[in-house]
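The chain contents come next:
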Amino acid sequence: MRVLAWLLFAYQVSVLWYFAFLNFLYALFALFGLRMVARYARELSELALKDLLEREAYLPVSILVPTYNEEKTIAASVRSFLALHYPEFEVIVVADGPKDRTLEVLKETFRLVEVDWVYRRVLPSKPVRAIYRSLSHPNLLVVDKENGGKADALNAGLNLARYPLFCAVDADSLLDAQALLRASRLFLEDDRVLAVGGTIRPLNGAVVREGVVEALRLPRGFLEKMQVIEYARAFFLGAVLIKNFQPKGPLGNPDAGLCLKKKKNNFKRRLNS
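S.K.: Looking at this structure, I do not really get the overall build of the protein. What am I missing?
M.R.: Within the protein, the secondary structure is distributed over 7 helices and 12 strands. Counting across all 273 residues of the protein, residues that qualify as buried make up 35%. Considering only residue pairs separated by 6 or more positions, the protein has 75% of its internal contacts joining residues 24 or more positions apart. Carbon and sulfur atoms make up 59% of the accessible area of the protein, which amounts to about 16800 Å² in all.

S.K.: Please clarify how the packing of aromatic side chains should be interpreted in this entry.
M.R.: How two aromatic rings sit relative to each other is set out by the distance from centre to centre and by the angle between their planes. Evaluated as defined, the whole model comprises 1 aromatic pair. Consider the rings of Tyr18 and Phe19, whose centres lie 5.2 Å apart with planes at 75°: the pair is edge-to-face. On the basis of relative accessibility, which here comes to 44%, the residue Phe19 falls in the partly exposed class.

S.K.: Mind showing me how you'd approach a nonpolar patch on the surface here?
M.R.: There is a patch of nonpolar side chains on the surface, built from Phe222, Leu223, Met226 and Ile229 and spanning about 450 Å² of accessible area. On the secondary structure map, Phe222 appears in helix α7 (residues 222-245). According to the relative accessible area criterion, Phe222 is exposed, its value standing at 58%.

S.K.: When you look at the packing of helix α3 (residues 74-82) against helix α4 (residues 102-110) in this model, what are you seeing that I'm missing?
M.R.: Think of two packed helices as two axes; the pair is described by the angle between the axes and how far apart they sit. Direction vectors running N to C along α3 and α4 enclose 50°, while the axes themselves pass 9 Å from each other. Overall, the two elements α3 and α4 adopt an arrangement that is oblique. The way α3 lies across α4 gives a crossing that is right-handed. Contacts between α3 and α4 pair Ile74, Ala75, Val78, Arg79 and Leu82 from the former with Thr102, Val105, Leu106, Thr109 and Phe110 from the latter. Classifying every residue of the contact of α3 with α4 gives 7 nonpolar, 2 polar and 1 charged.

S.K.: Looking at this structure, I do not really get the pattern of salt bridges. What am I missing?
M.R.: When the charged atoms of two side chains lie near each other, side chains of opposite charge can form a pair. Enumeration over the complete set of coordinates arrives at 6 salt bridges. Residue Asp96 is joined to Lys145 by a salt bridge in which the shortest nitrogen-to-oxygen separation is 2.6 Å. Here the residue Asp96 occupies a position in strand β3 (residues 89-96), and Lys145 occupies one in strand β6 (residues 140-145), the gap between them amounting to 49 residues. You can call Lys145 buried: its relative accessible area is 0%. Between Arg101 and Glu108 there is a salt bridge, with its nearest N and O atoms 2.8 Å apart. Taking the relative accessible area as the measure of exposure, Glu108 reaches 57% and is therefore exposed. Among the charged side chains, a salt-bridge network with shared partners connects Asp96, Lys145 and Asp152.

S.K.: Can you help me understand unusual backbone geometry in this one?
M.R.: The general pattern is negative phi for most residues beyond glycine and trans for most peptide bonds. In this structure, Asn69 is a non-glycine residue whose phi angle is positive, near 55°. Structurally, Asn69 is set in the loop between β2 (61-67) and α3. What makes Asn69 partly exposed here is its relative accessible area of 33%. Located in the positive-phi region is Arg111, a residue other than glycine, with phi close to 50°.

Analysis parameters
- Residues numbered from 1 in each chain as written.
- Predicted model: local features only at pLDDT ≥ 70, side-chain atom pairs only at ≥ 80, totals over all residues.
- Heavy atoms only, no water.
- Helix = DSSP H or I, 4+ residues; strand = E, 2+ residues; numbered from the N terminus.
- Buried < 20%, exposed > 50% of the residue type's maximum accessible area, 1.4 Å probe, protein only.
- Contact = heavy atoms within 4.5 Å.
- Areas by Shrake-Rupley, 256 points an atom, 1.4 Å probe, with all protein chains shown as cover.
- Phe/Tyr/Trp six-rings, centres within 6.5 Å; stacked < 30°, edge-to-face > 60°.
- Patch = residues over 30% accessible without salt bridge, like charges linked within 9 Å, V, L, I, M, F, W, Y side chains within 5 Å.
- Salt bridge = Lys/Arg side-chain N within 4 Å of Asp/Glu carboxyl O.
- Axes fitted to C-alpha atoms, helices over the stretch in contact; angles between N-to-C directions.
- Parallel < 35°, antiparallel > 145°, perpendicular 65-115°, else oblique.
- Left-handed = near helix turned anticlockwise from the far one by under 90°.
- Nonpolar A, V, L, I, M, F, W, Y, C, P; charged D, E, K, R; others polar.

Structure, rendered in structure tokens:
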């Protein structure tokens, strides 16, 4: 009986030490990741971003927004994408056969008109029923197609994308106003970069007006705060792993904004004399 009690005690102690060591590693990785993020934030100052715009060195970006039954949030999300601080980009919303009023909301909000659009069907997708252009926002394109899933909707959007970079974003997400500027800068600095991912956080507690995030605050609820901490921990841990292990292929979170390089040697660089 004493042997069994001793084994049980040893097992409990080993489990306790295991979780203590695991959490110590999580905290250590998060600390290293935070240091790298802080260093990068200092390098990528507001002055550097302003200088990038003044020199007009940038890569045009196509923002792809697959949507399905998002009538309550689609207008605010598209407004936030159109309000991004970037010299040249287009927003392609792909309505993947929604059963609600998603398409009608887009038509009413952004004054859409149907157009005859000629494009190359490079990637397979379900048939496209109609393509709409916005009278109020020339860089907004809306595609109405048969339902085929998120990947199929992205294929349809890529067939219409004109620019060398694309950014796939969920229809219920919002992007920071300078997100594209910060992400695309990395492609200019290193031609070997294939993909750039960003961190995500819940909007609970944030001040959002007309689809634009005006202020970021911590949510009031305990569970929402723990979710913010978990997102930050995962992001900082990922930054450390990517920095030290140098993966051979592109990494990304399918639920976060992700800019991928689509073509090589196709960017604008105009320097002021």
